[in-house]
Each structure stands twice: as C-alpha cells, then as structure tokens.
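Results of the structural survey
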Amino acid sequence: MTTIIIIPTFNEAENIAKLLRDIVVAAPDVHVLVVDDSSTDGTPDIIHRFTLENRHIHLLVRPNKTGLGDAYRAGFAWAIERAYEAVVQMDADGSHRVADLVTLLDVANSFDVVIGSRWVKGGKIMNWPAKRYLLSKLGNIYGRLMLRIAIKDATAGFRVYSRQALENAQILNSTSQGYVFQLENSVRVSEAKLSVQEIPITFVEREFGESKMNASIVKEAMLKVTFWGLRGRILGHNLFIK
Ligand code: GDD
Ligand code: MN
C-alpha cells in the first residue's frame, strides 16, 4: 500500500522537525506532504531542508492562510493526482503521536476510514485545559446529535482514508474552512456508508507554539452544524452525498 501523510502547518517551526524525524524512523516507507500556509516563523525553510535530504518528504506552500479545510483539500488533491492508496491526516504539533500513527496504519488496510479517537474507550487527552476539554466534548455531542452520526470522535483530525474513500465521500467537494471540516467529512463518510474504525489514541496537547483554534472557527462550526442539522431534518435526505 502506498501511503502519504498530509500535515497542515501554520507557524510550527518548534514542532515540525521533530515530527518529521520521528515519522521517518517509525514509518520509513510512508511519504509525507506538508501543506504550509506561508508561515512567517521559518516553518517552510525547515521543511524544505528535509525535502532535499529525503525524497519521501514533500512541501506544498500555499500563498495565504485560508484555513484548515482549504489546506487539506489542496493536500488531498495532490495525493489523489499521484495515486496514493492511503491518505493520512495528522497535526504537526505533536498532539498526534507517532506511536498511534503506527497503530492506525496497521489496520488501515481493513477499513475505508480509520480514525484516531479520543472519545472511545481507551482514548485519552493529556494536558488540555478544562475549557478546551469541554468544548471538544460538547462539540462532539452536539455534532453527533444534530447530524446523526455514529462516529464518537467526529471532530478528530487524525485519520486514514483510502483513496477510494476520499472519492466516494466526495471529500474534495467539502466546503468547510475551519475545524468543522472534520465534522463535515464525518457526515460525508457516514452518508457514503463507508466502513469506519475508531482506534483509541492518546492526544497530547502541544508543548510548543499555539493552537490556531479561535472564535471564528468555533462560530463557523456552531452555525454549520445547526444549519446542516435542521436542513437534514426538513429535507429528510442526505446532506452531501446524492
Ligand atoms: N496550513 C494550515 N492552515 N494549517 C493549519 C491551519 C491553517 O489555516 N490551521 C491550523 N493548522 C494546522 C496546525 O499548524 C496544526 O498542525 C494542525 O493544523 C492542528 O491545528 P491546532 O491549532 O494545533 O489544532 P488544535 O490542537 O487546536 O485542534 C485539534 O483538535 C481539533 C478538534 O478536535 C486538531 O486535531 C484538529 O484537527 C481538530 O479538528
Ligand atoms: Mn494542536
């Protein structure tokens, strides 16, 4: 199976080198594409140096920071064009552990989508402030209720999609900008009736740099989930997959 990990970055200079080094050691055959939104802290230069030393590592620099959704769509399109069979999503800041990556890849062959999940038995979150913990927990409960999805960690950003799954769930047609991108895709995956396996992970809050989560990301998520939930109930058919 040819596999590529897509890592979106914005100002992750303190984190990206360690992650790339750890991936190369733990999964030497796996390719990596970092999608950087023109970070101002030197992140692209660090990645560029890796690309010169390791032909499995690639860098896609986008001119503007237009959100996680656009960064991932650009990365997915890049991966689909090059016919990778499995496509991984992973954060750059160390929250998604390479040890868990290996576990996800081990089972990726058997499912359309594998999700590294915080909200299943055995899943853990370390070092999150109470406020953030509550936001994720309530966000997941509200999202799952409104959108009627069975995925327990529907906002998770640690996933493996088969190429076929990306195509069947029409992920490139998604429209979300911020972190609600993950929820939208959870709905797409459910509507496309793909096989989904949630694997418990330990999510470790970043030690360096800052989360890019902000009020407008939360607002987009609240508005979209509410709108989709109501639309789904009124129309009574799928939201995204015809
Ligand atoms: N290219 C790009 N553009 N990368 C971005 C952008 C953007 O606009 N916004 C965030 N990122 C990158 C960060 O640099 C990091 O590698 C990753 O996306 C996750 O961003 P964080 O800001 O660290 O996210 P978080 O820790 O607050 O949120 C986590 O939980 C969310 C809710 O469950 C992530 O796992 C999210 O993916 C998840 O949706
Ligand atoms: Mn983070």
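Predicted, not measured: the structure shown is a model, and the values here were computed from it. (Residues numbered from 1 in each chain as written. Chains lettered and ligands numbered in written order. Predicted model: local features only at pLDDT ≥ 70, side-chain atom pairs only at ≥ 80, totals over all residues. Heavy atoms only, no water.)

What follows concerns the pattern of salt bridges. Here the structure, examined in full by the defined rule, presents 11 salt bridges. With its nearest N and O atoms 2.8 Å apart, the salt bridge here joins R206 to E12. Separated by 194 residues along the polypeptide, R206 in the loop between β9 (202–204) and α8 (215–235) and E12 in the loop between β1 (3–9) and α1 (16–26) bring together distant segments of the chain. Neither residue differs from the other here; R206 and E12 are each classed as buried. (Salt bridge = Lys/Arg side-chain N within 4 Å of Asp/Glu carboxyl O. Helix = DSSP H or I, 4+ residues; strand = E, 2+ residues; numbered from the N terminus. Buried < 20%, exposed > 50% of the residue type's maximum accessible area, 1.4 Å probe, protein only.)

The strand order across the open sheet formed by 7 strands is β3-β2-β1-β4-β7-β5-β8, and the pairing between neighbours is mixed. What marks the edges here is a single partner per strand, and that holds for β3 (57–61) and β8 (196–200). In this sheet, neighbouring strand axes are inclined to one another by 20° on average, regardless of whether the strands run parallel or antiparallel. Of the pairings in the sheet, the one linking strand β5 (residues 113–117) to strand β7 (residues 159–162) comprises 3 bridges and is antiparallel in character. Residue pairing across strands places I115 opposite R159, the latter belonging to β7. Docked against the sheet, helix α3 (residues 68–81) engages β1, β2 (31–36), β3, β4 (86–89) and β7, running at close to 155° with respect to β1. (Pairing = 2+ DSSP bridges. Axes fitted to C-alpha atoms, helices over the stretch in contact; angles between N-to-C directions. Contact = heavy atoms within 4.5 Å.)

As a further point, take the nonpolar core. With 36 residues, the main nonpolar core has I6, F76, L147 and Y161 as its most contacted residues. Among the elements of the structure, β1, β2, α3, β5, α5 (130–147), α6 (163–168), α7 (180–191) and α8 are those that each provide at least two residues to this core. No other element matches the 6 residues that α3 contributes to this core. Excluding residues that lie within four positions of it along the chain, I6 makes contacts with L33, V35, Y72, G75, F76, A79, V87, V88, Q89 and M90. (Core = buried A, V, L, I, M, F, W, Y, C linked by side-chain atoms within 4.5 Å.)

As far as function goes, none of this settles anything; it's purely spatial.
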